[in-house]
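Coordinate inspection notes
Single-letter residue listing:
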Amino acid sequence: MMFKTLLTTLLLAVALPALADNAPLSVNAQGTYLPKVNFPVWQLTLTSLENDITIQSITLNRGNCLISMEGRGQNVNKRLGYGQTLSFTTPSNSSFTKCRPLELSVQTSKGVFTFNW
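Everything numeric in this text was worked out from a predicted model, so none of it was measured.

**Things to note about the sheet that holds strand S4 (residues 78-80)**
The four strands are arranged S4-S3-S6-S7 in an open sheet whose pairing can be described as antiparallel. The strands lining the two open edges of the sheet, one partner per strand, are S4 and strand S7 (111-116). Averaged over all adjacent pairs, the angle separating strand axes in this sheet is 35 degrees, with direction ignored. Note: strand S3 (residues 53-60) against strand S6 (residues 103-108), five bridges, orientation antiparallel. The partner of Leu-60 across the bridge, within S6, is Leu-104.

**Points about the pattern of salt bridges**
Inspection of the entire model under this criterion finds three salt bridges. We note a salt bridge from Glu-50 to Lys-110, for which the minimum N-O separation is 3.9 Å. Linking Glu-50 in the loop between strand S2 (39-48) and S3 with Lys-110 in the loop between S6 and S7, this pair joins segments that are 60 residues apart in sequence. On the accessibility criterion, Glu-50 (31% relative accessible area) is partly exposed. The exposure class of Lys-110 is partly exposed, given its relative accessible area of 44%. Note that Arg-79 and Asp-52 form a salt bridge whose closest N and O atoms lie 2.9 Å from each other. Residue Arg-79 is found in strand S4, and its partner Asp-52 is found in the loop between S2 and S3; the two are separated by 27 residues along the sequence. Looking at Asp-52, the relative accessible area reads 40%, which means it is partly exposed.

**Focus: the pairing of strand S5 (residues 85-91)**
The element S5 is extensively covered by neighbouring structure, given that five of its seven residues are classed as buried. Note: S2 against S5, seven bridges, orientation antiparallel. Within S5, the position partnered with Leu-46 by the bridge is Leu-86.

**Digging into the nonpolar core**
Ranked by size, the top nonpolar core spans 22 residues in total, and within it Ile-55, Ile-58, Leu-86 and Leu-104 carry the most contacts. Put simply, the parts of the chain that give this core at least two residues each are S2, S3, S5, S6 and S7. The dominant element in this core, judged by the number of residues it contributes, is S3, at four residues. What Leu-104 contacts, discounting residues up to four positions off in sequence, is Val-27, Leu-44, Leu-46, Ile-58, Thr-59, Leu-60, Phe-88, Phe-113, Thr-114, Phe-115 and Trp-117.

What counts as what
- Residues numbered from 1 in each chain as written.
- Predicted model: local features only at pLDDT ≥ 70, side-chain atom pairs only at ≥ 80, totals over all residues.
- Heavy atoms only, no water.
- Pairing = 2+ DSSP bridges.
- Helix = DSSP H or I, 4+ residues; strand = E, 2+ residues; numbered from the N terminus.
- Axes fitted to C-alpha atoms, helices over the stretch in contact; angles between N-to-C directions.
- Salt bridge = Lys/Arg side-chain N within 4 Å of Asp/Glu carboxyl O.
- Buried < 20%, exposed > 50% of the residue type's maximum accessible area, 1.4 Å probe, protein only.
- Core = buried A, V, L, I, M, F, W, Y, C linked by side-chain atoms within 4.5 Å.
- Contact = heavy atoms within 4.5 Å.

Here's what the structure looks like:
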C-alpha cells in the first residue's frame, strides 16, 4: 500500500507541471508597491495564449490570500482574446513574504489550470 501511495504521489508531481505547461494562459507575479500610497502588494497578471477564453474564478494559495478585485476572485467572467491580460493584486508586507504566490488556480472556460512557483 505504501508503494502505491508513493507511486501515485510521484506521478502527480510529474504530471501537474506538465498540465500547466499546456495551459492556455501564462502567469507573471512580481512584488511591487501601489503608487501614491507606497503599499506593498504582489501583482499577478494572466495573459491569454488562446483567441477566446473566459476567466471564471481565481484562487490564490488555496484561498488563504485575499484577491484585490471585485468579487475577491469569484465570478470574474472576464473574456480575453489572444495576448490580452487580466491583472490583480494581493496585499503583502515590506519584505514580500506575506501572501507570496505559491499556487494559483484559475477556473476558465477551457478547464481549471494550476500554476506553482
